[in-house]
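A structural walkthrough
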Amino acid sequence: MAQETMSFQAEVKQLLHLMIHSLYSNKEIFLRELISNASDAADKLRFEGIENSALYENDPDLRIRISYDKAARTVTIDDNGIGMSREEAISNLGTIARSGTKEFFSKLSGDQQKDAALIGQFGVGFYSGFIVADKITVETRRAGLPASEGVRWESAGEGDFVVEQIERAQRGSSITLHLRPEEDEFLSTHKLKSIIQKYSDHVALPILMKQEEWDAEKSEMVTKDEDETVNQASALWTRPKSEITDEQYKQFYQHLSHDHDDPLAWTHNRVEGRSEYTQLLYVPKHAPFDMWNRDHKGGLKLYVKRVFIMDDAEQLVPAYLRFVKGVVDSADLPLNVSREILQESRDVKAIREGVTKRVLSMLEEVASSSAEATDDAEKAKYATFWKEFGQVFKEGIGEDYGNRERIAKLVRFASTNTDSSEQTVALADYVSRMKPEQTKIYYVTADTWQAAKNSPHLEVFRKKGVEVLLLTDRVDEWMLSFLNEFDGKPLQSVARGDLDLGALNDEEKQAQEKVGEELKPLVESMKAALEGKAKDVRLTFRLTDSPTCLVADDGDMSGYLQRMLKQAGQAAPQMQPILEVNPEHPLVKQLHADDANFGDWCHLLFDQAMLAEGGTLEDPASFVKRTNALLLAR
Ligand code: ADP
Ligand code: MG
């Protein structure tokens, strides 16, 4: 087929522009990106080769070769991996709008160093070649296709690219960068080698370069014909722990996750027994941009006896640990394992349990070392983890029955004990601060920390100095339905059921009973006025500053949870709340059942209570009308 010129997709154009003009300060990453693509291509060939060994075409030793040509001023990255067909070259290198590309732009900070680091994370790595090249030529042939179906793809990175069919005997891809005039520093074995060792040492296949030697006669370096392997070329996780430096663990993480930052923590071990596998697991320092997308891919890289099988094997970690990155290399699974098989395999179940235990121990270690640390960075570690992943982690309370107790110890909350919305209070801390006569762990749920903190339900707790946990994450209500107690202490919502705040003295009790007797007729009238709106009306002594508050009946769903379900578009049972009335409040004291506007007052007090807990009014217009009428009546 003849040459064909095509246009880059609009976003790609924008990206190219950015790449060339602003990512200059970290330009050497182009090599890491292109080597990573070559390594992916080898992984894909190995995987397809399991079913179809003909794809190896009598060239089974997978490798990457890096070379340069001083005269032509080019650097070439060559692999004998899977290669690309014409269609693949067009869509993979030019026209597809990757889902990450848009997000990539929205995350740009203007800080070049940071922006450069984003490139890998968003899967736009190939274009980084244009940082140093003013033209890129790709020659490739997909494994299994005849030599006549080679492809040349070429672009100056300025808006369009050319594709052409070529004759190509060699399987795989060869990426040639035509360097920009000022980029001659890359035309050096020493320079290229040092970049490879810095970023790509852990790539599991050999990266070859021609050996160089000092020629005394010419008094310059000359290139020999022999190859040398310039990277470690062994899978990091297969090496003994004692031989791996922290630096190597960190670099491997960056390779694995496309995250420029160091990981927060890692754990590496070999499990022997009924199921044999090696695991190298990392907790990142920050959540990926798409963690809450439905199609976010969690999971680990799966290898079987060092052969790459698949990315994002979700079956290897429970969903609440979907932020964990890493590798599992199994000795037991068959090489032709599919996602379907993974779902049913008993070996996989054993691995998942093992991975879970390992991650929990790792988090326990981080938590305790953070708690004991004296330097700020170490101290902040667990808080960082919690800020980034706490909401996801909480799902474990409901999902992982077997580890519930361990998980509950790792969960952190905001509470009235601190004046911050940051979630730093462990249940154990709470328990250690409980009043001698206190038997329950109290909490309040609300949409925001502000609303929780100012909830009228807290008034009596504040007065008595009893700590209350402030829960404002969407998953909290759901989580609590699985967490009935901690350390033998039941968890109790301050907005649910009759409040019993421990022993009131007899005097107080008698006084309350007396007030109750006196106000009985008033309460009955209020109940009649709010028929259909409030399930019940009763007096409360839990309030100090507010006239009223709403509570859910024991066993009923809380108002907050009902609202959440509604927002999520799910059917929530309509449950009427109970209106509790503070007899000490001046507004309540001036209420008389025979007043002309008594009904308006009742509705107003109910609606106020609804607003105070972050609820919405069914009929806001009437609320405004009533309020105005009452204001005018004064
Ligand atoms: P990513 O690697 O994150 O998918 P890149 O921009 O680095 O994004 O690469 C885009 C795509 O181009 C790859 O997903 C792959 O399909 C294809 N590709 C790039 N380099 C190669 C290569 N050396 N061999 C085969 N395919 C490649
Ligand atoms: Mg890539």
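So, here's what we can say about the structure. (Residues numbered from 1 in each chain as written. Chains lettered and ligands numbered in written order. Predicted model: local features only at pLDDT ≥ 70, side-chain atom pairs only at ≥ 80, totals over all residues. Heavy atoms only, no water.)

Below, the discussion takes up the packing of helix 9 (residues 346–372) against helix 11 (residues 381–399). One way to put it is that helix 9 packs onto helix 11 with a least axis distance of 9 Å and a crossing angle of 140 degrees. One element, helix 9, and the other, helix 11, form an angle in the oblique class. In the packing of helix 9 onto helix 11, the handedness of the crossing is left-handed. Taken together, the residues of helix 11 that come into contact with helix 9 (itself represented by Leu360, Leu363, Val366, Ala367 and Ser370) are Lys381, Tyr382, Phe385 and Phe393. Broken down by class, the residue content of the contact of helix 9 with helix 11 amounts to seven nonpolar, one polar and one charged. (Axes fitted to C-alpha atoms, helices over the stretch in contact; angles between N-to-C directions. Helix = DSSP H or I, 4+ residues; strand = E, 2+ residues; numbered from the N terminus. Parallel < 35°, antiparallel > 145°, perpendicular 65-115°, else oblique. Left-handed = near helix turned anticlockwise from the far one by under 90°. Contact = heavy atoms within 4.5 Å. Nonpolar A, V, L, I, M, F, W, Y, C, P; charged D, E, K, R; others polar.)

Bringing the pairing of strand 13 (residues 307–313) into the picture now. As defined by bridge partners, strand 12 (residues 300–304) adjoins strand 13 across four bridges and the pair is classed as antiparallel. Considered in strand 13, the bridge of Leu302 is made with Met310. Hairpin remark: strand 12 followed by strand 13, antiparallel, with two residues in the connecting loop; positive phi at Lys305, about 45 degrees. (Pairing = 2+ DSSP bridges.)

Here the focus is a negative patch on the surface. Residues Asp134, Glu158, Asp160 and Glu182 make up a contiguous surface patch of negative charge. Inspection of the secondary structure assignment puts Asp160 in strand 6 (residues 160–166). (Patch = residues over 30% accessible without salt bridge, like charges linked within 9 Å, V, L, I, M, F, W, Y side chains within 5 Å. Areas by Shrake-Rupley, 256 points an atom, 1.4 Å probe, with all protein chains shown as cover. Salt bridge = Lys/Arg side-chain N within 4 Å of Asp/Glu carboxyl O. Lys, Arg positive; Asp, Glu negative; His and termini not counted. Charge placed at Lys NZ, Arg CZ, Asp CG, Glu CD.)

What follows deals with the pairing of strand 3 (residues 74–79). Of all the six residues making up strand 3, six are buried; the element is thus mostly covered by neighbouring parts of the structure. The side-chain alternation of strand 3 yields two buried faces, one formed by Thr74, Thr76 and Asp78 and the other by Val75, Ile77 and Asp79. Note: strand 2 (residues 64–69) against strand 3, six bridges, orientation antiparallel. In the sheet register, Arg65 faces strand 3, and the bridge partner there is Asp78. In textbook terms, the turn of a hairpin is the stretch between consecutive antiparallel strands, and for strand 2 and strand 3 this stretch comprises four residues, one of which, Arg73, has a positive phi near 60 degrees. Direction of pairing for strand 3 relative to strand 7 (residues 172–179): antiparallel, over a ladder of five bridges. (Buried < 20%, exposed > 50% of the residue type's maximum accessible area, 1.4 Å probe, protein only.)

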